[in-house]
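Fold and contact review
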Amino acid sequence: MNKVNNAWLINSNIRFYRQHPSQLLLTLLGLALGVAIATSVILTTASARKAFALSTEALYGRATHQILGGSQGVDAEYYRRLRTELGLTNSAPVIEGLASLGRESFTLLGIAPLAEAQLRPRNAQSFAANSALQSFVGDRHAVALDSETAARLGISKGETFALLINGESHQVTLALTLPHSSGSASLILTYIENARLWLERGATLDRIDLHLDNKKLELLQAWLPDKLRLVPSASHAQQMQEMTKAFNTNLTAMSLLALLIGAFLIHNTMSFVVVSRRTHYALYRSLGVTRAEILRSVLVEACALALLGSVIGAMLGVALAGQLIAMVTQTINDLYFVLTVRELHFSGWQWLLCVLLGTAAGTLPAIAAAWDAARTPPGQLALVSTLEQSSRARRKGLALLAVGMLLLGLALLALPGASLLPGFAALFAVVLGYALLVPMASGVLLQALRYLLVRSRTWGPQALVGGWRFTHAIGAIQRNMSRYGVALAALCVAIAATVGVDIMVGSFRSSVQNWLEDTLRSDIYISAPSSLSARAEGDLDPSLSQWLLSHNKIKNINTSRRITVQSREGEVTLMAIDPGNDQLRGFKPIANSKNDNTALAQAQAVQISEPLARTHSLRAGEKIELFTDNNGWQEFVIANVFRDYGRSQGMVLFHRKLYQQHWTDNAYSSIGLQLVDNADSKNQVEIIRQHLQEQNYSYMLNDNRSIREESLAIFDRTFAITHVLRLLTVGVAFLGLFSALMSVLLEKTREFAVFRALGARRSEMSTLILQQAAIIGCIAALLALPLGVVLAALLIDVINVRSFGWTIDMQISLSPLLFALALGLGAALLASILPARRLQKIQINHAMRME
Amino acid sequence: MRFIHALFCTGLLTGPVISQAEQTSIDIGTALAGSAVGFEQALQLRAFEFPSDHGPHPSFRNEWWYLTGQLQDGSGRDYGFQYTLFRIGLTPPQSTDEDLWSRDTIWMAHVALSDVKEKKHWHSQRLSHGGVGSAGVTASPFSAWMDNWRLNATGDSGNFPWELHIADENFNLRLQVDNQKPPVLQGDRGLSQKGGAGNASFYYSYTEMQVAGTLDGKTVNGSAWLDREWSTSVLPPGVTGWDWFSLQLQDGRQLMLYQLRSEKNNAANNKSGSLVQTDGSSITLAADDISLQATRHWRSPISGARYPTAWKLKVKGLVEELTVTASFDEQELIGIVNYWEGVIEVESPNNTIRGRGYLEMTGYDRGSE
């Protein structure tokens, strides 16, 4: 009997979808799109992570530790002593910098090949396989590139090309290619002597890589001079990994939202399927099919649908990830470090996980529908209204669940600590809780609207909105809330996400704009090209400031020095400013920090950036410990905390005087020029540019405005991927609404036929559908606004703060709200076009016979 | 006449080989097969000057400092030791060179210790560019070092006594090294001809040196042999390997012998040597004066090479035939090139001649590839 039952059910399912191919297609497409978005982001971030791990492997190899120095690097003499006094033969000297080839950035790694064997055996093996040791070491121009990079750039072995290093062009020759690995794709290897000359390192190294066991570690720690720091390899890599973690988490959360909306879609379809087949279920029940069998059959069906959609989606996701990876890489390069990701790295397991995630997300929402189907009493004439009744009965439960979710969200927010995951969990709880309330809230809104319309029959608006049809449209939605409710919720969440992200990005952008204005106080900036290594950025020629001072259009010049230093909490950027003949004003403190920069100006205290303060719970008046050139570890009083959107890894601001007491470093990285009041900055830039060219300086010269524009351009690039994901998410919701309208249309064919038989015109029928769609769109948009604002607030005050440690001033402008309305209305109307046209074609007598 | 020739004999350049710890070696051999252009060659006799000739001769492409010896601790336990530093010129040195990290030279060092009683043999290999003074050789004061392995004069010049300090993972050896006899100029007054024109080296040896010091804190005493050789191109084509003996006889004489084996049936076609008398004078031995015959073989489980570890040798000037036997078989060095170098014992049939020494054998792992 069992087998027979199953066969019946399966056949019935297949027949149903044959009769409703568009429904099947829409559901699959919607879920597939949701899964595709989630898959693409999961695979993209996995690829970026893997590429990062590979490039770390290429950079650090098997090194367990690094020896780093102060602002001037590590004296090469220490390398000799490490080997001759301590016998640490698993050590390799490294000089590291930045090089540009065409428009691409590369990490230039100066190595001693014979020291590489124990640390980066891949490199060593490449030399062996190519017999290239002699040319690599002997040739003053020799470099090595990853084979695929060389092929991509069209450079063959022995060919000469130009590298831009510290603003200077160097002719180099490709001596050998390294076997391709993603890790080495953005590397240029050269003999350490070449790197030393090109990067002007004098007799210093950037670091010494070491492979140490515990015994040697102890030996080294006992020997280590104060001027040197011993850092575990993992800490550097971990810090870099941490930087992008927040970025990746944000993307992943965004993509899961799309999946959630995709799940709404499955729920919608399964409810429709169940409603449409209630008569069948009733029949089966009277023929002896058990409830459990029906329950199982609906779930299996949902699972099969979800699996199919997920497989399609996960395949689409791979293609989409190929597109997203470039955007993610761009952002990582803009904000963090050189990373080349040209291919996707993911395991079959990760892909399978995405399929499973999609299948689960698609199957779980179908439980309710399956339950409904199973509860069908035997032989009962199926009426949609019974379902509507059960839907109403369930509302109470849903309301409780919704309130529970919202409370859970609040509780999660109140959790002590500032980690990102509870933040996102709270955000999802709020979204889900709100979404569960959407059908009820819509009911209330519709009731109110209907009341208003009925009351207003005696006056104006009635004529305006089209009489009975409008009221009828409202009534139709109300009666079909089980169908529309979910579509409404999905659309609402999608629009709210758009509004929330819009408000967040807008607020963020204007905060950055204000910050740039506050930070960039000079009119013109000259800076040395920055370098990648864990030490000082490029230097400017000191004689330049002499010339600038003699220039009569310049009121004041200030200089700044940026270096990377070690704090007890990890690496931080130190910026030392010499304010010239001005007083050092420092940066604008955050709202709750002491607004007094006297101690800073008097070189007695330092300012720290907000991300640094947040990640390490530092406050004004406390002290921060930094590793100095002259005095080893030193404590500095924190005057206050300033806003910094420039870097999430933290910055400490020093007065140059204080800096020079503790660091042996006379160089500076950039100069800011304040012009006299009537000077034209464009003219001055040209004059200075000419002087720089005459003197053969390859410095970067920018006026205030172009820096601001470039910064905002980077900002916009960073959020490009967000916009893409957002639109795709709306796309999923659109499919949901489309499918809901179609299913209602299919269900109500007979009802519509009756209307037609009663004299309603074809155009009136389609207007009815359009009106319903318009009302749904408006309601979704209206309900999305508060959720959008709440989402924006959560993104700004919870997610951003926890991800990056930035304070953003929330600003709600009208445009995202209007855009939300337009989006809701537009999506709804667009989704209704096809159903409306279809309605026009209804054959009255055929339809009235019922299916 | 030592191991480094193996590197030039391209047939022996087997590419990256597994070093004692892991597969990390670099194909230095191929790098060495570079050009001899611009380097001096050992073409004619030269006047040797000591101690300055202990220092480097960078106008020649290759050079080595090779110290081997036998030690005995207080309980009479026997050891053998080896410290070798090779200088390999990539390009002739340029006078304008102000490089911090050398471009023209690479250095390679080998150390080994044989524990005869336990039949244990430890060895390590190191390679370096010698940048910033992590490896190199200076003449005055004399010092030949690689990281924390060092052979250096104790005074300000290159004169003896010297000191050897090897701080290795496996052992710590500190020895005072003093000569007992003047240097022996090998071949024709120090010009050692191995093949046709230009295939020669400058070669001198200290055949009897006294050593005393500590091995892992234990007092040890013994004798050592220092070989110094520099050249640009040495071996005639077709040479596949060689067997080299340094024997210190109890009667106060020392014997150096080598034979070059060629591709044709692995036959020895080039033999030479010297017999150093008790007064320090020496007799050069020609090919006809030497007869060498392998009597027992040992196959290395690591490289698969089959080394003759027992020999019969007959030399003009010594009445009796000598038997040379490895103190134990397992004294193979695994590195860029695999070779056997270890302590040997020498005796005549009726024990009138006894002694100890070192044997080096290269080119035996070719057939097993």
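Note that the structure is a prediction, hence the values are computed from the model and not measured.

Some details on the overall build of chain B
- Counting its regular elements, chain B contains two helices and 23 strands.
- Taking all 369 residues of chain B together, the buried fraction comes to 61%.
- Counting contacts in chain B only where the partners sit at least 6 residues apart, residues at least 24 apart contribute 57% of the total.
- Put simply, chain B shows about 13600 Å² of open surface, and 47% of that area lies on carbon and sulfur atoms.

Describing the pattern of salt bridges
- The tally for this structure, following the rule as stated, stands at 37 salt bridges over all chains.
- Here R126 of chain B makes a salt bridge to D147 of chain B, at a shortest N to O gap of 3.6 Å. A residue pair is termed long-range when its members are at least 10 positions apart, and R126 of chain B in strand β4 (residues 120-128) and D147 of chain B in the loop between β6 (143-146) and β7 (149-153) qualify at 21 residues.
- When its relative accessible area of 0% is taken as the criterion, D147 of chain B is described as buried.
- What emerges from the salt-bridge pattern is a single network uniting R83 of chain A together with R126 and D147 of chain B.

Things to note about the pairing of strand β14 (residues 239-249) of chain B
All names here are of chain B.
- Burial within β14 is extensive, with eleven of its eleven residues counted as buried.
- Examined bridge by bridge, β14 and strand β15 (residues 254-262) share nine bridges and lie antiparallel to one another. Bridge pairing in β15 links G241 to R261.
- Linkage of β14 to β15, two consecutive antiparallel strands, is achieved through a turn of four residues, within which G252 is found at a positive phi near 95°.
- Taken together, the seven bridges between β14 and strand β23 (residues 354-362) define a ladder with antiparallel strand orientation. Bridge pairing in β23 places W244 opposite E360.

Describing unusual backbone geometry
Residues and elements named next belong to chain B.
- Following F50, the chain continues to P51 via a peptide bond in cis, the omega torsion being 10°.
- Counting through the fold element by element, P51 comes out in the loop between α2 (28-32) and β1 (62-73).
- The peptide bond linking S140 to P141 adopts the cis configuration, its omega dihedral lying at -5°.
- You will see that D147, though not glycine, has its phi angle at about 50°, which is positive.
- For N351, which is not glycine, the phi dihedral falls at a positive 65°.
- Following the sequence through the fold, N351 ends up in the loop between β22 (339-347) and β23.
- Among the residues examined, N351 registers a relative accessible area of 43% and is labelled partly exposed.

Topic: the confidence of the model for chain B
- Looking at chain B as a whole, the pLDDT averages 85, with 87% of positions reaching at least 70.
- Note on residues 1-33 of chain B: pLDDT is under 50 here. Beyond four places in sequence and across chains, it has 103 contacts.

Considering the interface of chain B and chain A
- Opposite the 30 residues of chain B that make contact, chain A presents 35 residues.
- A buried area of about 2900 Å², summed over both sides, lies between chain B and chain A, and 58% of it is on carbon and sulfur atoms.
- Along the contact surface separating chain B from chain A lie three salt bridges.
- For R83 of chain A, the salt bridge goes to D147 of chain B, with nearest N and O atoms at 2.7 Å.
- Linking chain B with chain A are ten residue pairs in polar contact (both at pLDDT 80 or more), by the criterion used here.
- Only α2 and β4 of chain B provide two or more residues apiece to the side of chain B that touches chain A.
- Split into classes, the residues belonging to the side of chain B that touches chain A amount to ten nonpolar, eleven polar and nine charged.

Structural notes on empty space enclosed by the protein
- For the coordinates displayed, the defined rule picks out seven cavities of 30 Å³ or more.
- Here the largest cavity is characterised by a volume of approximately 70 Å³.
- A per-class count over the lining of the largest cavity returns six nonpolar, five polar and one charged.

Some words on the confidence of the model for chain A
All names here are of chain A.
- With 86% of its residues at a pLDDT of at least 70, chain A reaches an overall mean of 79.
- Confidence scores differ between elements of chain A, with helix α17 (residues 461-465) showing the lowest mean pLDDT of 50 and helix α3 (residues 76-84) the highest of 94.
- Low pLDDT, under 50, characterises residues 531-536; the predicted model gives this stretch 29 contacts beyond four residues in sequence or across chains.

Some details on helix α11 (residues 278-286) of chain A
Residue and element names in this part refer to chain A.
- Along α11, the residues classified as buried are R278, Y281, A282, Y284 and R285. The buried residues of α11 all sit within an arc of 165° when viewed along its axis, so they share a single face.
- One or two positions beyond α11, positive phi appears at G288, with a value near 105°.

Observations concerning the packing of helix α2 (residues 21-60) of chain A against helix α13 (residues 348-363) of chain A
Residue and element names in this part refer to chain A.
- The geometry of α2 relative to α13 is characterised by a closest axis approach of 10 Å and an angle of 145° between their N-to-C directions. Considering the relative orientation of α2 and α13, their crossing is right-handed. When α2 is examined against α13, the residues L31, V35, T39, I42, L43 and A46 are found in contact with a partner set consisting of Q350, W351, C354, L357, G358 and G362.
- Looking at the contact of α2 with α13 residue by residue, the class counts come to eight nonpolar, four polar and no charged.

Focus on the environment of V430 of chain A
All names here are of chain A.
- Looking at the element boundaries, V430 is found in helix α16 (residues 420-455).
- Take V430: its relative accessible area is 12%, and that puts it in the buried class.
- Along the primary structure V430 and G409 are separated by 21 residues, whereas in three dimensions their C-alpha atoms are 5.4 Å apart.
- The contacts of V430, once residues within four sequence positions are left out, are L406, G409, L787, V790 and L794.

Calculation notes
Residues numbered from 1 in each chain as written. Chains lettered and ligands numbered in written order. Predicted model: local features only at pLDDT ≥ 70, side-chain atom pairs only at ≥ 80, totals over all residues. Heavy atoms only, no water. Helix = DSSP H or I, 4+ residues; strand = E, 2+ residues; numbered from the N terminus. Buried < 20%, exposed > 50% of the residue type's maximum accessible area, 1.4 Å probe, protein only. Contact = heavy atoms within 4.5 Å. Areas by Shrake-Rupley, 256 points an atom, 1.4 Å probe, with all protein chains shown as cover. Salt bridge = Lys/Arg side-chain N within 4 Å of Asp/Glu carboxyl O. Pairing = 2+ DSSP bridges. pLDDT = per-residue confidence, 0-100. Buried area = accessible area lost by both parts, 1.4 Å probe. Polar contact = N/O pair within 3.5 Å; in protein donor to acceptor, adjacent residues only side chain to side chain. Nonpolar A, V, L, I, M, F, W, Y, C, P; charged D, E, K, R; others polar. 1 Å grid on protein atoms, 1.4 Å probe; cavity = no way out; pocket = protein on both sides within 12 Å on 5 of 7 lines; lining within 4 Å. Points joined across faces, edges and corners; volume = space filled by probe spheres on them. Arc of directions from axis to C-beta. Axes fitted to C-alpha atoms, helices over the stretch in contact; angles between N-to-C directions. Left-handed = near helix turned anticlockwise from the far one by under 90°.

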